[in-house]
Every structure is written in C-alpha cells, then in structure tokens.
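Structural overview
Next come the chains, spelled out residue by residue.
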Amino acid sequence: MAIEFKTPAESALATGVKMLIYGSAGSGKTVTCVTAEEPTLIISAEAGLLSIKDAPDSIQKMIQIAECSTRADVEEVLEYLQAKGAPPWVCVDSISEIAEVVLAEELDKPSGKDPRKAYGELAIVMTNLIKGFRNLPNTNVVMTAKLDRVQDGMSNAMLYGPSMPGQKMGQALPYFFDFVGALRVDKDNEGRLIRSIQTNRDAQYEAKDRSGKLDIFEKPSLKIIKDKIVATPPKAVKKAKAA
C-alpha cells in the first residue's frame, strides 16, 4: 500500500474537524451546536433544546434532533451513522450527560455493587462511543461537555476542564480531540454578557488548538472555527531580486 502524506488542512478536509467544547450550565453549548451553517444532527441527551427552539427558519431547516435517554439509544444512532453515513456536522450534546447515563446503568446491574467495576466498564464503553463518533468519516464532529474542576495529569494543577464521571475519564477526554475549547461567559465594561471560546490553555482553563490557526478567543461559531482550521495559508510571495 502506498503511503499518502497530507498537510493538516488536507487531513481536516478529508476526515472532518473533531472538537470538544465545554462550559457551565447556560453558557450556550447547545446554541453553539447550531452555528455551523450546514446540515447538523444534534444527538441530545440533556433534553435542553429550549435555547434553540426559536432559531431562524433558515437554521431550523438544517437541524435534525436525535433524543437519546439510554446507552442503547446512543449506540443505535452511532450504528446508523456508521452504516448509512452522517451529515456534514454531528453534535453530541453532551458527552458528560451520556457518561452519567452509562454509569447509572452500570450501577443498576447486579454487578454494580462494586463501584470499581462499574467505573471500569464506564471507561470502556465511553472510549468506544467517543472514538466511534469521532472517527465518522467526512464528518465534522463536536461534543459538548459540562464544566468541572479537574486535575491536570502532568502538573497536578487544578484547572477548569470538561466534566466526566470518574477522574480517569475526565483526564482522558481532551486527548481524543485536536481542538478543545472552553466556552466562556464574561462581561464587558458596560456589564453586557460576552460569549467566546477560549482555544488555548492558561492557568485556569484547559484548552488546545493543534491547528495553531485560531486566536486565543474566538466567537462561539462552529463555521468560523472550522473555516480557520481548514484554511490553506497563502503561498509565500518570493521577493523579486534587485536588478
């Protein structure tokens, strides 16, 4: 088999952009899921779709919802997308809620009396689900997550990061993605709320941008972030030699 080498932009165009966006309740995670300006499937596990019910008709026409309340529901949607193909965008809202459902189901089993076994099974199930959605071909995938204080596995510092049941899954989650954004809600000098996505880590928030093409704070728009990541930089213009 011939080895094919690609630039990061070419790879992103071929496989899709894979993102994790986390934030506190009410920060606008679900609203961000409808900002791609392309057909989008939202896999909703939070029943929190009120924030997008009044979206303009032009956006509503591009959005489909799959409501999932059990692990089996989520796996069924994933299997369908793997077999039939996925739209340009798939949003899992939220991966934290799905993990909580999976853990509850494991604890309800007769073997769930041993929490260690339940958390071990949780890690296996969630790793398979996350990889399954992330690896959907020719599809941009964004997963949202709740916000929590998490311990950095390298420095042991406490940061705001994506929330998952169990310390192991919480620490592992960012490693599945090339882009991890912290959805921030701040106030300007006049007291108005300003929403933005932090794309690089600082002393308080976990974030990363492997493309290196994003500003430290971006508008909460999937279209803007994707367009910047896949954009091909202009070719360098050679200076004409002086006569």
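Bear in mind the structure is a predicted one, so any value in this text is a computation, not a measurement.

Moving on to the overall build of the protein. The secondary structure content of the protein amounts to 8 helices and 10 strands. The proportion of buried residues among the 243 residues of the protein is 43%. Taking the contacts inside the protein whose residues are at least 6 apart along the sequence as the reference set, 63% of them involve residues at least 24 apart. For the protein, the accessible area works out to roughly 13,800 Å², and carbon and sulfur atoms hold 54% of it.

Considering the arrangement of structural elements, one finds N128 in helix α6 (residues 115-134). Using a relative accessible area of 52% as the deciding quantity, one classes N128 as exposed. Put simply, N128 and E75 are 53 residues apart on the chain and 9.9 Å apart in space, counted from C-alpha to C-alpha.

Now for the pairing of strand β7 (residues 179-187). Two strands pair when backbone bridges link them, and strand β1 (residues 18-23) and β7 are joined in this way by 4 bridges, in the parallel orientation. Counted as the bridge partner of I21 is G181 from β7. Pairing geometry for β7 and strand β9 (residues 208-209), over 2 bridges, is antiparallel. Looking at the pairing, F179 lines up with D209 of β9. Bridge count between β7 and strand β8 (residues 193-198): 6 bridges; the pairing is antiparallel. Looking at the pairing, R184 lines up with S196 of β8. Between β7 and the antiparallel strand that follows it, β8, lie 5 residues; G191 among them carries a positive phi value of about 85°.

What follows covers the packing of helix α5 (residues 95-108) against α6. Running from N to C, α5 and α6 cross one another at 140°; their axes reach a closest spacing of 9 Å. Here α5 is positioned oblique relative to α6, judged by the angle of their axes. Between α5 and α6 the crossing geometry is right-handed. On the side of α5, the interface is formed by I95, I98, A99, V102, L103, E106 and L107, while α6 contributes P115, A118, Y119, E121, L122, V125, M126, L129 and I130. In terms of residue class, the contact of α5 with α6 is built from 14 nonpolar, no polar and 2 charged.

Scoring rules and cut-offs
Residues numbered from 1 in each chain as written. Predicted model: local features only at pLDDT ≥ 70, side-chain atom pairs only at ≥ 80, totals over all residues. Heavy atoms only, no water. Helix = DSSP H or I, 4+ residues; strand = E, 2+ residues; numbered from the N terminus. Buried < 20%, exposed > 50% of the residue type's maximum accessible area, 1.4 Å probe, protein only. Contact = heavy atoms within 4.5 Å. Areas by Shrake-Rupley, 256 points an atom, 1.4 Å probe, with all protein chains shown as cover. Pairing = 2+ DSSP bridges. Axes fitted to C-alpha atoms, helices over the stretch in contact; angles between N-to-C directions. Parallel < 35°, antiparallel > 145°, perpendicular 65-115°, else oblique. Left-handed = near helix turned anticlockwise from the far one by under 90°. Nonpolar A, V, L, I, M, F, W, Y, C, P; charged D, E, K, R; others polar.

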